[in-house]
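# Fold and contact review
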Amino acid sequence: MTNLRNRILLIVALLVASGWALFPRTVVERVKRDGQFTYDTLRRVPLKRGLDLQGGMHLALEVDESRQAVANKSEALDRALKVVRTRIDEFGVSEPVVQKAGDDRIIVELPGIDAPQRATDVVQRSAFLQFQITDESQAFERVLPRLDQVIREQGAAVVAAAPAAGPGAAAATPAAAVAGLFAKADSGAAKDSSTQADSASTIPGLGEGRTGPLSKLVSPGGMPGEYLVAAADAQTAQRYLELPAVVAAMPPGKVVKWGTDSVVSGQQVFRPLYMLDSKPILTGEYLTDAKPNQVPVEGTVVEFQLNNEGGRRFKNETGKHVKDYMAIVLDDRVMGRPPVIQSAIGTRGQITLGGRDLQAAQDLALVLRAGALPVPLRVAEVRNIGASLGQDSIEKGILAMGIAMALVVAIMVYYYRFSGMLAVGALVLYVVYSLAVLAGFGAVLTLPGIAGLVLSVGIAVDANVLIYERIREELDRGKTVRLAIEEGFNHALSAIVDTSVATILTAAVLYQYGTGPIRGFAVTLIAGITASLFCAVFVVKTFYLVWLSRKGATPSTLSI
């Protein structure tokens, strides 16, 4: 009796634990209302739904080796995985999936996301932050003769790379392009993109008889190291400046970076270009926090904070460069117009984004908090999945599972009578235990996962069939009902365990080497097999022991 009491207590305890695991909870979830996503408080069973059940996007990321080869991609992906996971966690996605697939891919699944470009930008952004001082030595202008010679030596290759001139225009030679590379402009003529200049004002010296693509690059004055190029010619100018021979001819200790903002003068739009000291005074490795904000004067900003060591270094370096201009460089782009260092700066500062919206500041802040990617990533695959497909799949999955259970119940009760009813009782517990295991371990329920759950319903009674057939054989040999039940369970146990372990091992291989839906199928199959093994061997035998204990003496017959 003590053994029976312990068996009953264990079954009841597991049932209570399953009820607690599946009890509806209040959660904050991202939902879509009137075409807009918002966060709402919902009460639901804590079973995570996969991407195919609630819609969203699927990203496959790979190491980008277009610029340089990566020696150990697997190790680099391990480090990148932590950064990507931190960014996604702060992105505000409900129940995301971020995992490594093999040695060359990272899989990101974002349920409920309908802004794929924003999510892709957040994941891919390198977020390498540097603070660099603008060049005050006019080194760019002084190197012009050398650049002229270099581009002349490039000859036809450079001309072929440049866009064709308009109809009737004379072809520009490289020498002519560099000869007019810089034209001094009135310092007050250029204005930031946030303010539109008077339509009659222009930058003096712009396009005065020069047709070369680089002749549009001018120095507006006012800030050392700042230059402007017409937006229409920016791509061509960038192509010239990225030529290996031109890069090698640049002044030592200097580097050229493009700005992110645009500058408007009259009816023309310009892209800023900055020559900076190549050695940064500080990098983003010391950054501990970043928050978006909107202020009346600067507009949208990201306020950042450095740790104590970074604050000491920043204060020391900025103290040496008071009244100099400091560029804030993120991923090789100068953020906004470099501000003047008025005094030594400590642990706090801000990045001005000008007219950009608050969402851009939020995205920048979260990638800064998450840190820089150790290697560049590129999107190898992207899929968008609609939520309507997921709801339809859930409804059909529930219907399929209901039909499967009804057929199993009908067959077991018809064929095994009373013993079949015991198996049906165990089957009900099996479903509860399986769902509780999925909820307790935070498994993601996918469409293939539902298929695995439906499949395991049939497998769940397979063990009972083996046991019942063995009990029938023992009864046919003239053994008592109690002994036949005991012998039936003992002799069938090895076959049941062997088949269950073989199925679990197969599912484990699928989980190890599969991705997304395949893993969902493997998880639910493992949970189902484990629960079915417990219910068939332990629960059904407990039901038999309860029945035998109520009969008192050993009954003469068994409905099986």
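Refer to the preceding data block for the structure.
Notes on the structure in this doc start here.

Reading the values: rules and limits
- Residues numbered from 1 in each chain as written.
- Predicted model: local features only at pLDDT ≥ 70, side-chain atom pairs only at ≥ 80, totals over all residues.
- Heavy atoms only, no water.
- Helix = DSSP H or I, 4+ residues; strand = E, 2+ residues; numbered from the N terminus.
- Buried < 20%, exposed > 50% of the residue type's maximum accessible area, 1.4 Å probe, protein only.
- Areas by Shrake-Rupley, 256 points an atom, 1.4 Å probe, with all protein chains shown as cover.
- Pairing = 2+ DSSP bridges.
- Phe/Tyr/Trp six-rings, centres within 6.5 Å; stacked < 30°, edge-to-face > 60°.
- Expected span 1.5 Å × (residues − 1).
- Core = buried A, V, L, I, M, F, W, Y, C linked by side-chain atoms within 4.5 Å.
- Contact = heavy atoms within 4.5 Å.
- Axes fitted to C-alpha atoms, helices over the stretch in contact; angles between N-to-C directions.
- Salt bridge = Lys/Arg side-chain N within 4 Å of Asp/Glu carboxyl O.
- Parallel < 35°, antiparallel > 145°, perpendicular 65-115°, else oblique.
- Left-handed = near helix turned anticlockwise from the far one by under 90°.
- Nonpolar A, V, L, I, M, F, W, Y, C, P; charged D, E, K, R; others polar.
- Polar contact = N/O pair within 3.5 Å; in protein donor to acceptor, adjacent residues only side chain to side chain.

## Looking at the overall build of the chain
Helix and strand counts for the chain come out as 17 helices and 20 strands. In the chain, which comprises 560 residues, the share counted as buried stands at 44%. Carbon together with sulfur atoms contributes 56% to the accessible area of the chain, which is approximately 27200 Å² in total.

## Describing the pairing of strand 4 (residues 56-63)
Counting buried positions along strand 4 gives eight out of eight residues, so the element sits mostly inside the fold. For strand 4 and strand 6 (residues 105-111), the ladder comprises six bridges, and the chain directions are antiparallel. By the bridge assignment, A60 is partnered in strand 6 with I107. As defined by bridge partners, strand 4 adjoins strand 19 (residues 377-385) across eight bridges and the pair is classed as antiparallel. Paired with G56 across the two strands is I385, which belongs to strand 19.

## Focus on the packing of aromatic side chains
Scanning the entire structure with this criterion turns up ten aromatic pairs. Between F131 and F314 the ring centres are 4.9 Å apart and the planes differ by 50°, which places this aromatic pair in the tilted class. With F131 in strand 7 (residues 129-133) and F314 in helix 11 (residues 308-320), this pair connects stretches of sequence that are 183 residues apart. Overall, the relative accessible area of 0% leaves F131 in the buried class. When its relative accessible area of 1% is taken as the criterion, F314 is described as buried. The interplanar angle of 80° and the centroid separation of 5.3 Å between the aromatic rings of F140 and Y227 together place this pair among those described as edge-to-face. With F140 in helix 5 (residues 139-142) and Y227 in strand 9 (residues 226-230), this pair connects stretches of sequence that are 87 residues apart. Comparing F140 with Y227 shows no difference in burial state: the two are buried. Site record: aromatic cluster; members linked through ring pairs are Y415, Y416, Y468, F489 and Y544.

## What to know about helix 16 (residues 481-513)
Between its first and last C-alpha, helix 16 extends 47 Å over 33 residues, near the 48 Å set by a 1.5 Å rise per residue. Within the span of helix 16, buried status applies to V481, A484, I485, E487, G488, F489, A492, I496, S500 and A507.

## Here's the deal with the nonpolar core
Counting residues in hydrophobic clusters, the biggest one holds 52 residues, and the most contacted among them are Y430, Y468, I471, I485, Y544 and L558. Mapped by element, the contributors of at least two residues to this core are helix 1 (2-22), helix 13 (387-440), helix 14 (447-460), helix 15 (462-476), helix 16 and helix 17 (517-551). At 17 residues, helix 13 tops the list of elements feeding residues into this core. Look past the residues within four positions of Y430 in its chain and what remains in contact with it is L453, S456, V457, A460, G528, A531, S532 and C535. By size, the runner-up hydrophobic cluster in this structure holds 23 residues, among which are F131, I133, L282 and V302.

## A short note on the pairing of strand 10 (residues 254-259)
For strand 10 and strand 12 (residues 268-277), the ladder comprises five bridges, and the chain directions are antiparallel. In the sheet register, V256 faces strand 12, and the bridge partner there is M275. Two strands pair when backbone bridges link them, and strand 10 and strand 17 (residues 333-334) are joined in this way by two bridges, in the parallel orientation. Bridge pairing in strand 17 places G259 opposite V334.

## Let's talk about the sheet that holds strand 4
If you trace the four strands from one edge of the open sheet to the other, you get 5-6-4-19, paired in antiparallel fashion. What marks the edges here is a single partner per strand, and that holds for strand 5 (97-101) and strand 19. Across the sheet, the axes of successive neighbouring strands diverge by a mean angle of 20°, strand direction being ignored.

## A look at the pattern of salt bridges
Applying the stated criterion across every chain, the model contains 17 salt bridges. The salt bridge partner of E469 is R472, with a shortest N-O separation of 3.4 Å. One end of the pair, E469, and the other, R472, are both in helix 15, three residues apart, so they sit about a helical turn from each other. What makes E469 partly exposed here is its relative accessible area of 29%. Close ionic contact of E474 with R477 constitutes a salt bridge, the shortest N to O distance being 3.4 Å. E474 gets classed as buried once you look at its relative accessible area, which sits at 0%.

## Topic: the packing of helix 15 against helix 16
Viewed as axis vectors pointing N to C, helix 15 and helix 16 meet at an angle of 135°, and their least axial separation amounts to 8 Å. Considering their axes alone, helix 15 and helix 16 lie oblique with respect to each other. Crossing hand, helix 15 versus helix 16: right-handed. Every residue of helix 16 that contacts helix 15 at A463, L466, I467, R470, I471, E474 and L475 is listed here: V481, A484, I485, E487, G488, F489, H491, A492 and I496. Counted by class, the contact of helix 15 with helix 16 contains eleven nonpolar, two polar and three charged residues.

## A word on the side chain of T300
Among the secondary structure elements, T300 is positioned in strand 15 (residues 299-306). Look at T300 and you get buried, because its relative accessible area is 3%. Polar side-chain contacts of T300 include one of 3.5 Å to the side chain of Q294.

## Considering the side chain of T283
Counting through the fold element by element, T283 comes out in strand 13 (residues 282-283). Residues in contact with T283, not counting those within four places in the same chain, are F128, L129 and Q130.

## Section: the packing of helix 14 against helix 15
One way to put it is that helix 14 packs onto helix 15 with a least axis distance of 4 Å and a crossing angle of 5°. Comparing their axes, helix 15 and helix 14 come out roughly parallel. Contacts between helix 14 and helix 15 involve G458, I459 and A460 on the former and, on the latter, D462, A463 and N464. For the contact of helix 14 with helix 15, the per-class residue count stands at three nonpolar, two polar and one charged.

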